[in-house]
Amino acid sequence: MTARRGQTMVEYVLTLAAMLVVVAVMWHVIAAAKHSTARTERLVRSDYP
């Protein structure tokens, strides 16, 4: 019985870790997209006053 509880806890911890990795990757993707958008807007603004 104890081994099953240990396995369940390990599975929950691994799931939590995987979800945290997904959130971190999405945060980096969104930050990169915002940076790219800002660069594009600056480029367009400098060309057409």
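Bear in mind that the values here come from a model prediction, so they are computed numbers and not experimental data.

Draft legend 1. Representation of the overall build of the protein within the structure. For the protein, the helix and strand inventory stands at 1 helix and 0 strands. For the protein, the spread of C-alpha atoms along the principal axes amounts to about 70 × 5 × 5 Å. Looking at the protein residue by residue over its 49 residues, the buried ones come to 0%. Of the roughly 4900 Å² that the protein leaves accessible, carbon and sulfur atoms contribute 71%.

Draft legend 2. Seen up close, the environment of Arg-5. Its place among the elements puts Arg-5 in helix 1 (residues 2-47). Using a relative accessible area of 61% as the deciding quantity, one classes Arg-5 as exposed. On a C-alpha basis, the gap between Arg-5 and Met-19 in space is 21 Å, while along the polypeptide they are 14 residues apart.

Draft legend 3. A look at a nonpolar patch on the surface. On the surface, Met-9, Tyr-12 and Val-13 cluster together into a nonpolar patch covering about 360 Å² of accessible area. Along the chain, the position of Met-9 falls in helix 1.

Cut-offs applied
Residues numbered from 1 in each chain as written. Predicted model: local features only at pLDDT ≥ 70, side-chain atom pairs only at ≥ 80, totals over all residues. Heavy atoms only, no water. Helix = DSSP H or I, 4+ residues; strand = E, 2+ residues; numbered from the N terminus. Buried < 20%, exposed > 50% of the residue type's maximum accessible area, 1.4 Å probe, protein only. Areas by Shrake-Rupley, 256 points an atom, 1.4 Å probe, with all protein chains shown as cover. Patch = residues over 30% accessible without salt bridge, like charges linked within 9 Å, V, L, I, M, F, W, Y side chains within 5 Å. Salt bridge = Lys/Arg side-chain N within 4 Å of Asp/Glu carboxyl O.

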